[in-house]
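# Chains, contacts and geometry: an overview
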Amino acid sequence: MAGPQFVSDTGVAPLPDVGLLDYNGVTFSCLYTSSVNGGPVPDEAGRVTKYVEYEISVEGIVTLDIVGATTDALWVGLRALLTQPGAPLYYVGKGFGPLAVNVPGGQIWDVAWGPMPKLLFFQPLGGSKSALIRWQCLVRIPEVAASTLLTGQPRDVSRVLQFNYALSLTFDEEGYTGWSARGTLEVPMTRTARDARDLQITVDAYRSRWLDLQVDLTQFRVVRRNFEYSRDRRTIEWEYQVEELPPMGLPPSCTLARGTMSVRHRRRQGGTVAAGITWNCSLRCTYTVRKDADQRVALEAFYALLWFRMQSSARAGDVPPLNNPDNGPQQPAANGQPQGPPQAQQAAAAAGTGALPGWARLMASAQAPQKASAFLTDFGWDEGLYLDSKSITFQASWWMIAPFVNVFRAAGTWRWLDGSAGGSQWAQSVQDMMGWASWLVNRVDEKADALIDVGNVNGPPAGTPLVGPPPGG
Amino acid sequence: MPGSPFKQEPIAGSAPDTSSQYVFPEQSISLPWFIDPATSWLVYDCWVEVHLDAGIALHKLLPSSNPDPDDLGQVATDDPALDAFTATSGVNIAPTAPFQDVVQRMATPTYTFILKGYGLRAGYQIPIPLLVEVGNNPAIPGAIQRAYNKIVDNAPGGIPIFFAEWEKWYVVTGLSASATAPVPANPALHIRPDAELPQTVQLPWSQSDQRNRPGQSTLTTIPGLPAFQRRRQ
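Just so we're clear, the structure is a prediction, and the values are computed from it rather than from any experiment. (Residues numbered from 1 in each chain as written. Chains lettered and ligands numbered in written order. Predicted model: local features only at pLDDT ≥ 70, side-chain atom pairs only at ≥ 80, totals over all residues. Heavy atoms only, no water.)

When helices and strands are counted, chain B shows zero helices and nine strands. Listing the helices and strands of chain B from first to last along the sequence gives β-β-β-β-β-β-β-β-β. For chain B, buried positions account for 23% of its 233 residues. Contacts spanning at least 24 positions in sequence make up 73% of the contacts within chain B whose residues lie at least 6 apart. In the form shown here, chain B has an accessible surface area of approximately 16,100 Å², with 57% of it arising from carbon and sulfur atoms. (Helix = DSSP H or I, 4+ residues; strand = E, 2+ residues; numbered from the N terminus. Buried < 20%, exposed > 50% of the residue type's maximum accessible area, 1.4 Å probe, protein only. Contact = heavy atoms within 4.5 Å. Areas by Shrake-Rupley, 256 points an atom, 1.4 Å probe, with all protein chains shown as cover.)

The secondary structure content of chain A amounts to six helices and 19 strands. With 473 residues in all, chain A has 49% of them scored as buried. Summarising the internal contacts of chain A: among those between residues at least 6 apart in sequence, 67% fall at separations of at least 24. Counting every atom, chain A has about 21,700 Å² of accessible surface; 53% of that belongs to carbon and sulfur.

A low pLDDT means the predicted coordinates there should not be read in detail. Residue and element names in this part refer to chain A. Mean pLDDT over chain A: 82, with 79% of residues reaching 70 or higher. Throughout residues 334–355 the model reports pLDDT below 50, and contacts reaching past four residues in sequence, or to other chains, amount to 54 contacts. Here residues 467–471 is a poorly scored stretch, pLDDT under 50, and it has five contacts once near neighbours within four places are set aside; other chains count. (pLDDT = per-residue confidence, 0-100.)

Residues and elements named next belong to chain B. Residues of chain B with pLDDT of at least 70 account for 84%, and the chain-wide mean is 83. Looking at the elements of chain B, mean pLDDT is at its lowest for strand β9 (residues 228–230), recorded as 40, and at its highest for strand β8 (residues 159–172), recorded as 95. Scored below 50 in pLDDT, residues 215–233 shows 40 contacts in the model against residues more than four places distant or in partner chains. Of the two predicted TM-score estimates for the complex, the pTM is 0.79 and the ipTM is 0.72.

Turning our eyes to something else, we now look at helix α3 (residues 297–311) of chain A. Its 15 residues place the ends of α3 of chain A 21 Å apart at the C-alpha level, agreeing with the 21 Å of an ideal helix rising 1.5 Å per residue. A large share of α3 of chain A lies buried, amounting to 14 of its 15 residues. (Expected span 1.5 Å × (residues − 1).)

This part covers the sheet that holds strand β6 (residues 49–63) of chain A. All names here are of chain A. The strand order across the open sheet formed by four strands is β5-β6-β10-β9, and the pairing between neighbours is antiparallel. The open sheet has two edge strands, β5 (32–42) and β9 (116–125), and neither has a second partner. Strand after strand, the sheet turns through a mean of 10° between neighbouring axes, direction not considered. Alignment of β5 against β6, held across 11 bridges, turns out to be antiparallel. Looking at β6, one finds that G39 is bridged to E53. (Pairing = 2+ DSSP bridges. Axes fitted to C-alpha atoms, helices over the stretch in contact; angles between N-to-C directions.)

The next subject is the environment of A100 of chain A. Residues and elements named next belong to chain A. Among the secondary structure elements, A100 is positioned in strand β8 (residues 99–101). Linking A100 and D22, residues 78 residues apart in sequence, is a C-alpha distance of 9.3 Å. A100 has contacts with L89, Y90 and I108, leaving out every residue within four places of it along the chain.

What follows deals with the packing of aromatic side chains. What characterises a pair of aromatic rings is the spacing of the ring centres plus the angle enclosed by the ring planes. All names here are of chain B. Taken as a whole, this structure holds 22 aromatic pairs over all chains when the rule is applied. With centroids separated by 5.7 Å and ring planes inclined at 40°, the aromatic side chains of Y44 and W166 adopt a geometry described as tilted. Pair noted here: Y44 is in strand β1 (residues 41–53) and W166 is in strand β8, with a separation of 122 residues, a long-range link. Each member of the pair Y44 and W166 is classed as buried. (Phe/Tyr/Trp six-rings, centres within 6.5 Å; stacked < 30°, edge-to-face > 60°.)

Residues and elements named next belong to chain A. In space, the four strands of this open sheet follow the order β4-β3-β7-β8, with antiparallel pairing throughout. Each of the sheet's edge strands pairs with one partner strand only, and the pair in question is β4 (26–27) and β8. The pairing of strand β7 (residues 89–92) with β8 spans three bridges and is classified as antiparallel. Looking at β8, one finds that L89 is bridged to V101.

Let us now look at helix α6 (residues 423–430) of chain A. Every buried residue of α6 of chain A is listed here: Q425, W426, A427, S429 and V430 of chain A. Where the residues of α6 of chain A are buried, they touch β14 (220–229) and β16 (254–267) of chain A.

Residues and elements named next belong to chain A. Mapped onto the elements, G11 comes out in strand β2 (residues 11–13). On a C-alpha basis, the gap between G11 and L451 in space is 32 Å, while along the polypeptide they are 440 residues apart. Setting aside anything within four residues of it in sequence, one finds G11 in contact with F6, S29, T63, L64, D65 and L74.

Tallied over the entire structure, the rule returns zero disulfides over all chains. Of all cysteine sulfurs in the structure, the one in C285 of chain A sits closest to C254 of chain A, which takes part in no disulfide; the separation is 10 Å. (Disulfide = S-S within 2.5 Å.)

Residues and elements named next belong to chain A. Sheet topology places β14 next to strand β15 (residues 235–244); nine bridges connect them, and they run antiparallel. Paired with R224 across the two strands is Q241, which belongs to β15. Between β14 and β15, which pair antiparallel in sequence order, lie five residues; one of them, R233, sits at a positive phi of approximately 65°.

All names here are of chain A. That bond from G114 to P115 is cis: its omega, 0°, falls within 30 degrees of zero. Inspection of the secondary structure assignment puts P115 in the loop between β8 and β9. Non-glycine residue N24 carries a positive phi angle of around 55°. By the element assignment, N24 lies in the loop between β3 (20–23) and β4. The phi dihedral of S128 falls on the positive side, at around 70°, and the residue is not glycine. Relative accessible area serves as the criterion here: at 28%, S128 is assigned to the partly exposed category.

All names here are of chain A. Applying the stated criterion across every chain, the model contains 19 salt bridges over all chains. The residue K50 makes a salt bridge to E186 at a minimum N-O spacing of 2.8 Å. Remark: E186 occurs in strand β12 (residues 177–186) and K50 occurs in strand β6; sequence separation between them is 136 residues. Overall, E186 belongs to the buried group, its relative accessible area being 3%. When salt bridges with common partners are traced through the structure, they connect K50, E186, D232 and R234 into a single cluster. (Salt bridge = Lys/Arg side-chain N within 4 Å of Asp/Glu carboxyl O.)

Encoded structure:
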């Protein structure tokens, strides 16, 4: 006489299961043993647990269902269902505590696109009337208090799995500081539903909040920012590289500026002796202006420097007159003894992304031209075109008359118009583009990505974009 | 995969701020030039050449015979023995005629002073110099005087660049033993020849850099900014 029969998705069994083991709608009968092996997974810093990883191992018997003569038909269905990732998992009533993962309406969701099943072993028994199987399923879940559960809700941008970074500090041969930070930002992601193919969000949604590093731009400039996204869109490996600014810094709204000013004695044609009072000054500068600013900011920066350096010759002291009734020395040391700074006072440049009105205020508020001993002899520029259109180079030369003792002051060496380079003016002009984004934000489009889930027997929900070709298509 | 992995951004993300297209900050800013006449000299070269005519008259005797003419040469150009030729003096100065000239010298020589030079100046014509006196003796303009000014360039801002050149001859008589040849002053080099020589040369004065301004710290930072902090909204 046949005993009671309890029907499950893995066949008929004489007894009901104790507790529940169900994955993707496949409820196991009582004919199995199970074990759970796992442990905490530390973050990259090795300081905290970012989640706990459990591997549920099941060894059991698949029996005939109530209608089949062999396990073939039953097993075909089980193979597809038990290998599909991201499906709901129930492992309850086993003394392990409730483990219900990715259950609609539930609180515990896998944090890494799981649960991830693996079918390892199949052995037919009794002429295909039953089979011994071994099945494993990997789940990664947070073991936290209920109130702080990572619910996995798609738009919950307030929780991350890990944020840490390595630091590197360098002092170069010139004594300048450079540092870099390389880190990891990881967030939980899983399917919103078993058959979902789209991404509601990616780790990029966290970039503005978590990776907007604040650097003191009065001292440093950010020379490189790198964000590498993992294929599952859960992790960003990020990097910032920072260099200390030299004393002069950069003009407002410029991301790069280099230049040289040379001062040389004028020499007679073919002469070997320098003319001690007449100088050739040459200024050459190359600028790269941030793309969303008016590129003529480069010209304004050059004007500011050229104007200031030419005006500085007014501080050279009196040019020795020929009317020297005492026939005294033509260039006495007392001539042009260092005076106070020029009376020119300049307003701070406007903040913002290269707003020219800021330059207007800066230069217009400067002192009216003094009686300077400078004469422009050359002016020109080289404009980069096409792929080189990021930069432009200006050059200017002038003759300057200054006694030898005052040549540094007359040339304006180590000096520039207040607010025209470095300091808080440059910092404020580029602060918005030196963090998590530049003038282009480049947000990752979650709709441009999809789960090409050829292993999903149910197919994508209606209206799901980018599902890819059908299997074999 | 169709499309871009990154979201398309509004044009404004890469376009310049056009609100300032009608602003010209350089409108009220101008560059200096050598407007002061004393500093408008670009090039100046002026010198006085002194020519001395010793006042010599050389009297020649007519020949009474037909001696061979004198020749400085020693050997014919096509002489086969040219390469082995030797002589005490390569230049032959041995006269063939045994006669002597009579040299007659004037009581006084003639000193001629030629004032020459050129100049380049911005904005102003170059005044042609003149020689007034040499050693308290008046310089008398001679037969030859040439000078001109012309425009040779147009500097930025509409500043004419003048070039001048001159050559002027003067005769000076009655020079004393204490007279000195004149050396003109140079307005482009801002030096005169009789200036007192310095004992030493003062090094150029330095100046502190722009960051070291009175009342301000050498290095400034944005107030309240920590050195490194993750910024969160």
